[in-house]
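A look at the structure
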Amino acid sequence: MAKKLKVGFDLDGVILYNPLRTLRPVASFFKFIKPVLFHEKANAFYFPNSPLEKSVWKLLHKTSFRVADGVTDIKTLAQQGVIEPYIITARYSFLKDDFYYWIKRLNNQPYFRYYHYNKDDIQPNAFKEKMISELKLDVFVEDNWGVIQRLNNSVPKTKIFWISNSLDWHIPYHYKFSSLEEAILYLSKHP
Ligand SMILES: [Mg+2]
């Protein structure tokens, strides 16, 4: 039998359906506006510091309000021994409660044996890179195009799958999918 594929999944926009699909425009906006408002160095990664910023950030994550349709298919592939699924999210430590709320809902049967969030609040991309290389993932499924470009350079041995969206769909990319279901279907055909 072929070796089990180690497949990592991002949480927001991948495992959890998010009608905004990606927080990229919002995050870019914060990144842009914050140094302007607070006279900080540009290029520092955005971390919500004040209670107000934290509330806004939490509220933005509430837009991930339901489990995406393909999750049942992940469970089937895991049961068949085709994949070993992991959840890796760069969510910061103050989103811990919401993270565990979803893990509990997703994992009423332990399909996802491994799940990690960014509890030390390091730079979000660096966190994903670190986890992907430490776990030696064969595939990582992500929804944010900016993150995908970066991961393709920093973890070249891992295939990065992209759950795209209508605004970014014109961008050519080999592993581009319109939904989690479609990505899982591809995985089941190309184990
Ligand atoms: Mg995401």
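A brief look at the structure comes next.

Rules and cut-offs
- Residues numbered from 1 in each chain as written.
- Predicted model: local features only at pLDDT ≥ 70, side-chain atom pairs only at ≥ 80, totals over all residues.
- Heavy atoms only, no water.
- Pairing = 2+ DSSP bridges.
- Helix = DSSP H or I, 4+ residues; strand = E, 2+ residues; numbered from the N terminus.
- Contact = heavy atoms within 4.5 Å.
- Axes fitted to C-alpha atoms, helices over the stretch in contact; angles between N-to-C directions.
- Buried < 20%, exposed > 50% of the residue type's maximum accessible area, 1.4 Å probe, protein only.
- Right-handed = clockwise from strand over helix to strand, strands pointing away.

What about the sheet that holds strand β7 (residues 159-163)?
- Strand order in the open sheet formed by six strands is β5-β4-β1-β6-β7-β8, with parallel pairing between adjacent strands. Since the sheet does not close on itself, it has two edges, and those belong to β5 (114-118) and β8 (176-177), each with one partner.
- Sheet topology note: the strand β6 (residues 139-142)/β7 ladder contains four bridges and is parallel. Across the sheet, the residue bridging to glutamate 142 is tryptophan 162, located in β7.
- Taken strand by strand, helix α6 (residues 145-154) contacts β6 and β7, and its axis lies near 170 degrees from that of β7.

Digging into the pairing of β6
- Residues Val139 and Val141 point to one face of β6 and Phe140 and Glu142 to the other, with burial holding for every one of them.
- Across three bridges, strand β1 (residues 5-9) lies against β6 in parallel orientation. Residue pairing across strands places phenylalanine 9 opposite valine 141, the latter belonging to β6.
- Taken together, β6, α6 and β7 form a β-α-β motif whose crossover is right-handed.

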